[in-house]
Amino acid sequence: MTELKTKPTKKSVEQFLKKVENPTKREDSFKILELMREVTKEEPIMWGDSIVGFGNYHYQYASDREGNWPLVGFSPRKQNSTLYIMSGFGRYKEILKNLGKFKTGKSCLYINKLKDVNMQSLKELVFESVKHMKKEEP
């Protein structure tokens with residue numbers, strides 16, 4: 001079985017974010033950092049070279065593949081900021097209605113600029129996802 005390559009590291013989150021080239025994306029990254037820190041009550045950790053994660057959970061698939069991953073996290077990619085909402089989006093339709101301009105993948109929320117989204121809705125989405133991942137709700 002292949003081992004997951006993206007793991008927690010001792011790299012500095014602050015140094016990583018300071019190196020984000022685009023000034024708007026860099027500023028947005030620090031805002032996302034603070035939002036996730038506030039919601040999770042966790043300190044950020046670099047996962048691999050480019051993911052900022054908060055907390056962690058253990059998963060195991062029916063195939064017996066298993067590993068650890070952040071409860072929530074983000075990465076300032078060149079194209080957009082990617083937020084990892086590990087519970088997916090199916091249960092958050094009402095929150096997403098008010099979120100603003102974004103795209104989603106299975107567990108990825110893609111935001112071009114934070115000014116395009118409602119920060120209160122984003123905070124609620126992160127909060128509800130973390131709550132679900134901690135199994136505080138069904």
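Undergrad: What's the story with the nonpolar core in this structure? I'm lost.
TA: Nonpolar side chains tend to gather and get buried jointly when the protein is soluble and globular. Counting residues in each nonpolar core, the largest one holds 38 residues, and the members touching the most others are Met 36, Val 52, Phe 74, Leu 83, Leu 109, Leu 122 and Leu 125. Apart from residues lying up to four places away in sequence, Val 52 is in contact with Val 13, Phe 16, Leu 17, Leu 33, Pro 44, Ile 45, Met 46, Val 72, Gly 73 and Phe 74.

Undergrad: Just to check I follow, could you spell out a positive patch on the surface for this structure?
TA: A cluster of basic side chains, namely Lys 101, Lys 103, Lys 113 and Lys 115, defines a positive patch on the protein surface. Mapping Lys 101 onto the fold places it in the loop between α3 (93–97) and β7 (103–104).

Undergrad: How do you make sense of unusual backbone geometry when you look at a structure like this?
TA: Trans peptide bonds make up most of the peptide bonds, and negative phi angles are found at most residues other than glycine. One non-glycine residue, Lys 41, adopts positive backbone phi at about 60°. Here Lys 41 shows up in the loop between α2 (23–40) and β1 (44–47). On the basis of relative accessibility, which here comes to 71%, the residue Lys 41 falls in the exposed class.

Undergrad: How should I be thinking about the side chain of Ser 81 in this particular structure?
TA: For Ser 81, the position within the fold is in strand β6 (residues 81–85). Residue classification places Ser 81 among the buried positions, given a relative accessible area of 3%. Leave out the neighbours within four places in its chain, and Ser 81 touches Lys 25, Ile 32, Ser 75, Pro 76, Leu 109, Tyr 110 and Ile 111.

Undergrad: Help me out: how do you make sense of the sheet that holds β1 in this one?
TA: Remark on secondary structure: sheet strands pair via backbone hydrogen bonds, oriented parallel or antiparallel. Strand order in the open sheet formed by six strands is β1-β2-β5-β6-β8-β7, with antiparallel pairing between adjacent strands. One side of each edge strand has no neighbouring strand; the edge strands of this open sheet are β1 and β7. Pairing of β7 with strand β8 (residues 108–111), which is carried by two bridges, proceeds in the antiparallel orientation. By the bridge assignment, Lys 103 is partnered in β8 with Tyr 110. Along the sheet, α2 makes contact with β1, β2 (51–54), β5 (72–76) and β6, crossing β5 at roughly 175°.

Undergrad: What exactly am I supposed to notice about the pattern of salt bridges here?
TA: When their charged atoms lie close together, side chains carrying opposite charge are able to pair. By the definition in use, this model includes seven salt bridges. Here Glu 94 and Lys 97 are joined by a salt bridge, their closest N and O atoms 2.9 Å apart. Taken together, the residues span about one helical turn, with Glu 94 and Lys 97 both in helix α3 at a distance of three residues. You'll find Glu 94 and Lys 97 in the same group, each marked exposed. Residues participating in the shared-partner salt-bridge network are Glu 34, Arg 37 and Glu 43.

Undergrad: Which parts of the structure should I look at to understand the side chain of Ser 107?
TA: Along the chain, Ser 107 turns up in the loop between β7 and β8. On the accessibility criterion, Ser 107 (16% relative accessible area) is buried. Those residues in contact with Ser 107 that lie beyond four places of it in its chain are Leu 83, Tyr 84, Ile 85, Met 86, Gly 88 and Phe 89.

Rules of the game
Sequence order sets the numbering: in each chain, residues are counted from 1 along the sequence as written. pLDDT decides what is reported in this predicted model: residues at 70 or higher carry local features, side-chain atom pairs at 80 or more are listed and counted, and totals for whole chains, interfaces and linings draw on all residues regardless. Side-chain measures here rest on the full set of heavy atoms in the structure, leaving out hydrogens and waters. In these notes, a set of buried Ala, Val, Leu, Ile, Met, Phe, Trp, Tyr and Cys residues joined through side-chain atoms within 4.5 Å is what counts as a nonpolar core. Residue burial is assigned from relative accessible area. The probe radius is 1.4 Å, only protein chains are included, and a residue is buried under 20% of its type maximum, exposed over 50%, and partly exposed in between. Should any heavy atoms of two residues lie within 4.5 Å, those residues are counted as being in contact. Patch rule: a residue counts if its relative accessible area is over 30% and it has no salt bridge; like charges are joined within 9 Å, and nonpolar side chains (Val, Leu, Ile, Met, Phe, Trp, Tyr) within 5 Å. Under the convention used here, a 1.4 Å probe and the Shrake-Rupley method define accessible areas, while residue burial counts only the protein chains that appear. Throughout this description, the term salt bridge denotes a Lys or Arg side-chain nitrogen within 4 Å of a carboxyl oxygen of Asp or Glu. Asp and Glu count as negative and Lys and Arg as positive, but His and the ends of the chain are not part of the count. Lys charges are placed at NZ, Arg charges at CZ, Asp charges at CG and Glu charges at CD. The way it works is that DSSP assigns letters per residue, a run of H or I at least four long becomes a helix, a run of E at least two long becomes a strand, and they are numbered from the N terminus. Pairing between two strands requires that DSSP report at least two bridges joining them. Lines fitted to C-alpha atoms define the axes, with helix axes restricted to the stretch in contact, and inter-axis angles between N-to-C directions lie between 0 and 180 degrees.

Honestly, it's all geometry; don't read function into it.
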